[in-house]
Amino acid sequence: MAEENQITLFTDFDNTIIAEHAAKRLLFRLFQRNPLDLAKKALEAFFRYGVSGAAFIQAISSLDKKTRTAVVEDVVQRLTFNTRWIRELQKLLTKYPNVMNIKIVVITRNIADIPRLFMQLHGNEIRELTKGRYKGDLVVIGNEGLSQSVLYAAAESLTVADIINNSREKVRFIKNKNAIFFGDDEEYRQIVGKTNLKNLLFFRV
């Protein structure tokens, strides 16, 4: 496919694609389900890592997979689209009228299951919003499996720019002149001025 006929949309998830902060909702639901066990594990994690994404991942990863899976599915059902994200997505169709395919790369410093399940659940809705340009071409970059080996991705010191640069998607798509990022002001500060991301157009959502 010709480069000008595809958009690669890198996008944050919490407070960008969705109107909520999914990680906080997940933690809240887990506390409701198993308050004593999670409270103990959370305190241990916060003592070790401080109040950070790393502590959140450590607390969640210490619970059994069955509990995590059930709560993730419950949380995803309660999440809602951010209307600003939808509006900016639709604007892309006007800005790039010849685009035939939109690839979405979701970036999260928390667990990947939440955005993956959310995007799958709302895949048909996104197809309609993009008039068929989005065909389910989706990549989610985040913590997989909640193992200690991927805990680094939750560290607050790891910026969105770092995650993009460390991902296989960067080599394949940042060189594309139609590579775009949807995010907030904090992410804009992390990305702007990075010479190796100069082809990544930033849209505040």
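Residues numbered from 1 in each chain as written. Predicted model: local features only at pLDDT ≥ 70, side-chain atom pairs only at ≥ 80, totals over all residues. Heavy atoms only, no water.

## Brief notes about the overall build of the protein chain
Helix and strand content of the protein chain: 10 helices and five strands. Counting only residues that meet the buried cut, the protein chain has 52% of its 205 residues in that class. Looking at the protein chain alone, contacts between residues at least 24 apart form 76% of all its contacts between residues at least 6 apart. Per element, the accessible surface of the protein chain, about 10,500 Å² overall, is 51% carbon and sulfur. (Helix = DSSP H or I, 4+ residues; strand = E, 2+ residues; numbered from the N terminus. Buried < 20%, exposed > 50% of the residue type's maximum accessible area, 1.4 Å probe, protein only. Contact = heavy atoms within 4.5 Å. Areas by Shrake-Rupley, 256 points an atom, 1.4 Å probe, with all protein chains shown as cover.)

## Notes on helix 6 (residues 113–121)
For helix 6, every residue scored as buried is listed here: Ile114, Pro115, Phe118 and Met119. Buried residues in helix 6, looked at end-on, bunch into an arc of 120°, giving them a common side. (Arc of directions from axis to C-beta.)

## Points about the confidence of the model for the protein chain
Overall, the predicted model of the protein chain reaches an average pLDDT of 76, with 63% of residues at or above 70. The lowest-confidence element of the protein chain is helix 9 (residues 168–173), averaging 56 in pLDDT; the highest-confidence one is helix 7 (residues 123–129), averaging 95. Counted against residues more than four places away or in other chains, residues 146–157, with its pLDDT under 50, gives 31 contacts. (pLDDT = per-residue confidence, 0-100.)

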